[in-house]
Amino acid sequence: MAIAVVPYALEHVPAVKDFNRRLQAGGAEAHLSFYEDPIPRWLPKSADHELSNEFFVAVEGGVVRGAYALKRERFSQRDHSFPAGCYHHPLSEGIIDKAYSSVGVLLIRDALARQPLLYCLGMDGYDKPLPKMLKLLGWSDCLAPFFFKVAHPGPFLKQMEALRETPWKSFLMDLGFFSGGGWLALKGLQGWKQWKVPKPERSTVAEVAEFGDWADALWEEARKFYALAAMRDRETLKRLYPAQDTHFTRLHLSRGGKVIGWAVVGERRKSPRFGDLRVGSVVDCFAAPQDALPVARAAARALEQRGMDVIVSNQSHEAWRQAFRDSGFFEGPSNFIFAASRKLSEKLTPFAETQSRIHLTRADGDGLPRNF
């Protein structure tokens, strides 16, 4: 029987639960399961805003063989905007049964039919099945660099599990901790990175409960500097970061009474990679490229004041990358991939040159509400 991809409805819930059970029984990783509610908790459809999530399932005779999520949104390209989509959380029975290995391609083709201007973000590295498939389909891709800053070197040296993968690495981390040399090296390098750069003009930083009209004015003024950026006007920001989400801190920067930028920061969930460290994330940020540095520094300072041990962020635009380096951040290995469909890539031609002027952060793709 042919497999059909259809919108996820209440009638499919038992079949989705069975699908998840088969994946786990077949040895799939624990996190590989699809949503068991057809109504998205994050960004459900709204008559008031285009930004929304939709779920689709691949059905064969009443049995679910795969599923995916499609986030509908708008992208800005200099002075105009257009609808686009983020393809995320695709799952196929092909993970455990090669007889269904074609389901993955069926899902992505269905998503492209619904929204040709499609992208993926994250994907956990080029060795994973999804980015491999996208390359075969002719998508363009690049990495959004990963940045980290160590606020408390002692806990970092003792508990950063991702840097203790071998006995030799563990020995070096312990040596740096007990000798004090690691503390001095980290503090010295981070301080030098900031000292060697002229201080930006003084700006005023304030916490705000939500985004106001000032966000629209900034968006309209600064978006023209970016080859591509996800919509960040006031209404979009209020939908992404509603006032009731108190785990986010929203920062407003101004200079001479004029708004120059904003940032959203928060504490990440615990992860084995970071041990017991408190990890802060610069989740999202926006300004004209020339004002990226004060925004990056304000975001890092806010997280340091909240007691974070390590601060992380992913940034794709060249100006923002430099701003984070100049704020004392180190650049580490990244697995945060941006991949653009052929139709979306056409808007970014030549991609090799344009990619460094695309503005993407941890908040894009499926990075919210707690996956940042």
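Scroll up to find the structure this text is about.
Keep in mind it's a predicted model, so treat the numbers as computed, not measured.

Participant: Can you explain the overall build of the protein? Please cite residues and give values.
Facilitator: For the protein, the count of helices and strands is 12 helices and 16 strands. Relative to a compact globule of 372 residues, whose C-alpha radius of gyration would be 21 Å, the protein shows 22 Å and is just as compact. The principal-axis extent of the C-alpha atoms belonging to the protein is close to 65 × 55 × 40 Å. Residues counted as buried form 55% of the 372 residues belonging to the protein. A sequence separation of at least 24 residues applies to 71% of the contacts in the protein between residues at least 6 apart. For the protein, the accessible surface area stands at approximately 17,100 Å², while carbon and sulfur atoms represent 55% of it. Charge separation in the protein, taken as the distance between the mean sites of 50 positive and 43 negative side-chain charges, equals 4 Å.

Participant: Describe the environment of Asp245, with residues and values.
Facilitator: By the secondary structure assignment, Asp245 is in the loop between helix H8 (234-240) and strand S10 (248-255). Residues Asp245 and Lys98, spaced 147 residues apart in sequence, show a C-alpha to C-alpha distance of 42 Å.

Participant: Would you mind going over the sheet that holds strand S12 (residues 279-287) in detail, with residue names and values included?
Facilitator: What the 7 strands build is an open sheet, ordered S8-S10-S11-S12-S13-S7-S14; its pairing is mixed. Either end of the sheet is taken by a strand with one partner, and the two such strands are strand S8 (204-208) and strand S14 (330-332). Within this sheet the neighbouring strands show an average axis-to-axis angle of 30°, counted without direction. As defined by bridge partners, strand S7 (residues 146-150) adjoins S14 across 3 bridges and the pair is classed as antiparallel. When the sheet's bridge partners are listed, Phe146 is paired in S14 with Gly332. Relative to strand S11 (residues 258-267), helix H9 (residues 292-305) is tilted by about 35°, and along the sheet it contacts S7, S8, S10, S11, S12 and strand S13 (310-314). Lying over the sheet, helix H10 (residues 318-325) contacts S7, S12, S13 and S14, oriented at roughly 135° with respect to S12.

Participant: So what's going on with the packing of aromatic side chains? Which residues, and what values?
Facilitator: Inspection of the entire model under this criterion finds 23 aromatic pairs. Between Phe146 and Phe148, the ring centres sit 6.2 Å apart and the planes meet at 20°, which makes this aromatic pair stacked. Like Phe146, the residue Phe148 is buried in the burial classification. Geometrically, the ring pair formed by Phe211 and Trp214 is tilted, given 5.6 Å between the ring centres and 40° between the ring planes. When its relative accessible area of 19% is taken as the criterion, Trp214 is described as buried. Taken together, the ring pairs in this structure connect Phe211, Trp214, Trp219, Tyr226, Tyr241, Phe248, Trp262, Phe286 and Phe372 into an aromatic cluster. A cation over an aromatic ring shows up here: Lys347 above the ring of Phe82, its NZ or CZ 4.5 Å from the ring centre.

Participant: I'd like to hear about the layout of surface pockets, residue by residue, with values.
Facilitator: Taken as a whole, the second largest pocket encloses approximately 290 Å³ of empty space. Every residue lining the second largest pocket is listed: Gln194, Lys199, Pro200, Glu201, Arg202, Ser203, Val205, Pro294, Arg297, Ala298 and Arg301. Residue contributions to the lining of the second largest pocket peak at 4 residues, all from H9. Within the lining of the second largest pocket, the residues separate by chemical class into 4 nonpolar, 2 polar and 5 charged.

So, how was this worked out
- Residues numbered from 1 in each chain as written.
- Predicted model: local features only at pLDDT ≥ 70, side-chain atom pairs only at ≥ 80, totals over all residues.
- Heavy atoms only, no water.
- Helix = DSSP H or I, 4+ residues; strand = E, 2+ residues; numbered from the N terminus.
- Rg over C-alpha atoms; globule rule 2.2 N^0.38 Å.
- Buried < 20%, exposed > 50% of the residue type's maximum accessible area, 1.4 Å probe, protein only.
- Contact = heavy atoms within 4.5 Å.
- Areas by Shrake-Rupley, 256 points an atom, 1.4 Å probe, with all protein chains shown as cover.
- Lys, Arg positive; Asp, Glu negative; His and termini not counted.
- Charge placed at Lys NZ, Arg CZ, Asp CG, Glu CD.
- Pairing = 2+ DSSP bridges.
- Axes fitted to C-alpha atoms, helices over the stretch in contact; angles between N-to-C directions.
- Phe/Tyr/Trp six-rings, centres within 6.5 Å; stacked < 30°, edge-to-face > 60°.
- Lys NZ or Arg CZ within 6 Å of the ring centre and 35° of its normal.
- 1 Å grid on protein atoms, 1.4 Å probe; cavity = no way out; pocket = protein on both sides within 12 Å on 5 of 7 lines; lining within 4 Å.
- Points joined across faces, edges and corners; volume = space filled by probe spheres on them.
- Nonpolar A, V, L, I, M, F, W, Y, C, P; charged D, E, K, R; others polar.

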